[in-house]
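Breakdown of the fold
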Amino acid sequence: MRFPPIMRNNPHILHGSDYNPEQWLKWKDTIWKEDMRLAKLAGLNSLTAGVFSWSTLEPEEGVYQVTWLDEVMDMLAENGFTAVLGTPSGAKPAWLSKKYPEVLRVDDSRQRILHGDRHNHCLSSPVYREKTRAINTMLAERYKDHRALGVWHISNEFSGECHCPLCQERFRSFLKNKYTTLDALNTAWWTAFWSHTYTEWEQIESPSSRGSAGHNGLRLDWRRFTTEQFVDFYLHETAPLKSITPGVPCTTNLMATYSGIDYARFAEVLDVVSWDSYPRWTSTDADKETGMHASYCHDLMRGLKQKPFMLMESCPSATNWQPVSKLRRPAVHKLQCIQALAHGADTIQYFQFRKSRGGPEQFHGAVVDHEGSENTRVFKDVAEVGAYLKGLDGLVGADTPAKVALVYDYNVRWALDDAKGFLQQKTGYEQTVLDHYRPFWTRGIPVDIIDSKQRYDKYDVLIAPMLYMIREGVAERIRSFVEEGGLFVTTYSAGYVDETALAFLGGFPGPLKDILGVWCEEIDALFPGEQNTIEWTKDTYKRSYKAFDLCELIHLRGAEALGVYGGDFYAGRPAVTVNACGKGKAYFIAARTGDDFLGDFYKEITAEAGIQPILANPLPDGVTAQIRNNGMENYIFLMNFSSREAGVSLGSSAKDNATVITLKPFEARIIVE
Ligand code: GLA
Ligand code: ZN
């Protein structure tokens, strides 16, 4: 299957970069001209302008100075570049903070912050909203017919939260709208505990680290409210753009596992998902793990809409904010770019084009170094990728044919982060989802990472590790998925609480009890280093696997045991189960396990579902294969994240070793068939 290109005026793999020409305004006659020459030489076809340009665009209130941007836009068009055009709200001018302090955020201790940095405006402030409406309208009017305009880039990396009186008021409206009565809210948040019953709406305040961290119900709703604030602000920013430039897609750059926003909700309002990827490459064998994590983040971002996304930012060399700004070793840059494409990116973009001469990020890797020429190693790496991408038009819009869905749910993460009991220091939700991803990455089987509220019907296998919170309608949809023939897998700590974090009564895993055919009576948390075992009792292999951290003590209520605990007072009790339900099956893994168990287990599950790895022969350690399909051809991506050479067999069966490709350390290749 093939999706239409993201931009109507650039149907190629977009190769671009953040471009901040306002930093070089005084030198535009020399530097801007040189920028165009170098950008073409680097094989770029797009540049992102305007993201942090507010103080240059509106140096004093209501006085716009835009001729420089007109020149930039014309220059981009004349030189064949698409413009990804930013709205400037990610950082505000000093005059705005000085004149209207309400635009400054209030932190959770109720202190108003001072002017500076970025990403710190109040989303409720009527002044901020009016100023952003006005400047966005001006930009849209000005460039609506400009042939360079390709995509709107709204603000930058939305994040944080504001606790000002205006935001508190909006929070209370959000709650009134959600619960209608205080009685319903008090029940949902279980406020009778510690005498927290509210008797007037005005008593409700956001959680604070100074005083009241708040009940978990309050904390959950505060995060949902914060998400809605961002959604609402994004819609506020896009309103003029949508009405003046209806054909131009809008997006904002996300940050994969950033936990402050429910991206599954946020993605509903984006035309296309875009995100910023900065893997912590070490250029050692440790990159096997770094590479897998980067793949996981890409799959998470693609899963939000299950269609191609934009890699809005990445670094072509050393990333200044990482604890160790290690240089990218030869080959790693190309590997990182091919990896993004492999997981569904239709764009490769960098932060930034030319290294800033000063300021907070002056030593962040960029396409053009302070040295200023095309003669640097990094520039040549980028140019090599640019030349390579020119041959990949056929990949634009290609789909990822995943038959396995893995659930990563921001709401579940929030609920587990707040859950007391179990393992307070290491509930480990994100790590656990990643652990369940690993066997697929290692074998080269594509996976969509989705939210529990997304559709399940296009998958054969649905895996929801630690599905602690069962949101509305989710249990019913899991049931129909299984009844229709799907294989469902979940684990310990599933089905404990509902959407407002109230525990399910009548036994865990709450509404999943019947589907799984088990009752989870207790959960044991082990100290670091303590272990139990799972003894596999099913015929195929007699193996013993380690169990650690969390072991749930369960009873069979219709399910069959596939494995039992090997030790402690619950030795012999079921630890892995399967339950037939309609045409499908539901599996339950009662304890935290290691890669040995998960590897074997998912081999059986995929075999049962008839899912084959992309390549018939096993992949060497540290190598993954991924696939995209454009309706006619398969693009197979082979990527070696290990620091050793690896031979990948392209044979059609496990015995056929006829064609072996040798990948050098950190080499990636694409095969089209
Ligand atoms: C983020 C921001 C950019 C820049 C880069 C540097 O992704 O969006 O403005 O600060 O980080 O890594
Ligand atoms: Zn506020």
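Our structure's up above, just so we're on the same page.
A short tour of the structure in this document, coming up. Position numbers for residues start from 1 in each chain and track the written sequence from start to end. Note on labels: chains are lettered from A, ligands numbered from 1, in written order. With the structure being a predicted model, the display of local features is reserved for residues of pLDDT at least 70 and the display and counting of side-chain atom pairs for 80 or more, all residues being used for whole-chain, interface and lining totals. Side-chain numbers here rest on the full set of heavy atoms in the structure, without hydrogens or water.

Following Phe351, the chain continues to Gln352 via a peptide bond in cis, the omega torsion being -10°. Secondary structure elements are taken from DSSP: a helix is a run of H or I of four residues or more, a strand is a run of E of two residues or more, and numbering for both begins at the N terminus. Mapping Gln352 onto the fold places it in the loop between strand E9 (345–350) and helix H12 (377–389). Along the chain, Phe508 connects to Pro509 via a cis peptide bond; the corresponding omega equals 5°. For Pro509, the position within the fold is in the loop between strand E13 (487–491) and helix H16 (513–516). Within the chain, Asp568 stands out as a residue other than glycine whose phi angle is a positive 65°. By the secondary structure assignment, Asp568 is in the loop between strand E17 (560–565) and strand E18 (574–581).

Turning our attention to the pattern of salt bridges. Oppositely charged side chains are able to pair whenever their charged atoms sit close together. Salt bridge criterion: a side-chain nitrogen from Lys or Arg within 4 Å of a carboxyl oxygen from Asp or Glu. Going through the model one piece at a time under the given rule, you end up with 43 salt bridges. Lys242 is paired through a salt bridge with Asp271; the nearest N and O atoms lie 2.5 Å apart. Residue Lys242 is located in helix H8 (residues 216–244), and its partner Asp271 is located in the loop between helix H9 (263–267) and strand E7 (274–276); the two are separated by 29 residues in the primary sequence. Between Glu268 and Arg265 there is a salt bridge, with its nearest N and O atoms 2.8 Å apart. Partly exposed describes any residue whose relative accessible area lies between the buried limit of under 20% and the exposed limit of over 50%, with all areas from a 1.4 Å probe on protein chains only and scaled to the type maximum. By relative accessible area, which is 55% here, Glu268 ends up exposed. Salt bridges sharing partners connect three or more residues here, namely Asp409, Asp451, Lys453, Arg471 and Glu499.

Moving on, we come to the sheet that holds strand E25 (residues 668–672). One requirement defines pairing of two strands: DSSP has to find at least two bridges between them. Pairing is antiparallel across the open sheet formed by three strands, whose spatial order is E21-E22-E25. Looking at which strands have only one partner, the edges of the open sheet turn out to be strand E21 (623–629) and E25. Strand after strand, the sheet turns through a mean of 20° between neighbouring axes, direction not considered. Of the strand pairs in this sheet, E21 and strand E22 (residues 634–640) are connected by seven bridges, and their pairing is antiparallel. Looking across to E22, one finds that Arg628 is bridged to Tyr635. Helix axes are fitted only over the stretch in contact, all axes being lines through C-alpha atoms; the angle between N-to-C directions runs from 0 to 180 degrees.

A helix is expected to span 1.5 Å multiplied by its residue count minus one. Given a rise of 1.5 Å per residue, 17 residues ought to cover 24 Å, and the 23 Å separating the end C-alpha atoms of helix H10 (residues 287–303) matches this to within 8%. When you tally the buried positions in H10, you get 15 out of 17 residues, the bulk of the element.

Among the six residues that make up strand E19 (residues 584–589), five are buried, leaving the element largely enclosed by the rest of the structure. Pairing analysis gives five bridges linking E13 to E19, with the strands arranged parallel. Bridged to Thr491 within E19 is Ile589. In this structure, E18 lies alongside E19, joined through six bridges in antiparallel fashion. Its bridge partner lying in E19, Cys581 is registered against Gly584. Where E18 folds back on E19, the antiparallel hairpin that results is connected by two residues, among which Gly582 adopts a positive phi of roughly 60°.

Right, let's talk about the coordination of the zinc ion (ligand 2) for a bit. Coordinating N, O and S atoms are those within 2.8 Å of the metal (3.2 Å for Na, K and Ca), and as water is not part of the atoms, a site may appear to have fewer donors than expected. Around the zinc ion (ligand 2), the protein contributes the donor atoms Cys122 (SG), Cys162 (SG), Cys164 (SG) and Cys167 (SG), at 2.3 Å from the metal centre. Because the angles between the four donor atoms bound to the zinc ion (ligand 2) fall within 105 to 117°, the donor set is best described as tetrahedral. Here the donor residues of the zinc ion (ligand 2) share one chain and are spaced in sequence as C-x39-C-x1-C-x2-C. Here the residue Cys122 occupies a position in the loop between helix H4 (94–99) and helix H5 (126–143), and Cys162 occupies one in the loop between strand E4 (149–153) and helix H6 (165–179), the gap between them amounting to 40 residues. For the residue pair Cys122 and Cys162, the accessibility class agrees, reading buried in each case. A four-donor site is called tetrahedral if each angle lies between 85 and 135 degrees; a four-donor site is square planar, and a six-donor site octahedral, when trans pairs exceed 155 degrees and the remaining angles lie between 65 and 115; all other cases are labelled irregular.

Further remarks concern the pairing of strand E15 (residues 532–536). Residue alternation in E15 divides its side chains into a buried set, Asn532, Ile534 and Trp536, and an unburied set, Thr533 and Glu535. Relative to strand E16 (residues 544–556), E15 is paired through four bridges, and the arrangement is antiparallel. The partner of Ile534 across the bridge, within E16, is Tyr545. Examined bridge by bridge, E15 and E17 share three bridges and lie antiparallel to one another.

For the rest of this paragraph, the subject is the site of ligand 1. Close to ligand 1 lie Phe52, Arg118, Asn156, Glu157, Asn253, Asp276, Tyr278, Glu313, Trp321, Phe351, Glu361 and His364. Here a polar contact means two N or O atoms within 3.5 Å. Within protein one must be a hydrogen donor candidate and the other an acceptor candidate, and residues neighboring in sequence count only if both atoms are side-chain atoms. Between ligand 1 and Glu157, the relevant distance is 2.5 Å, taken from an oxygen atom to a side-chain nitrogen or oxygen of the residue. Within the side chain of Asp276, an N or O atom sits 3.3 Å from an oxygen atom of ligand 1. Areas reported here follow the Shrake-Rupley algorithm with a probe of radius 1.4 Å; residue values treat only the protein chains shown as occluding. Here ligand 1, which alone exposes 310 Å², has 97% of that area covered by the protein. Under the scheme applied, nonpolar residues are Ala, Val, Leu, Ile, Met, Phe, Trp, Tyr, Cys and Pro; charged residues are Asp, Glu, Lys and Arg; polar residues are all the others, including Gly. Partitioned by chemical class, the residues of the shell around ligand 1 number four nonpolar, three polar and five charged. To be near a molecule or strand, a residue needs just one of its heavy atoms within 4 Å of it.

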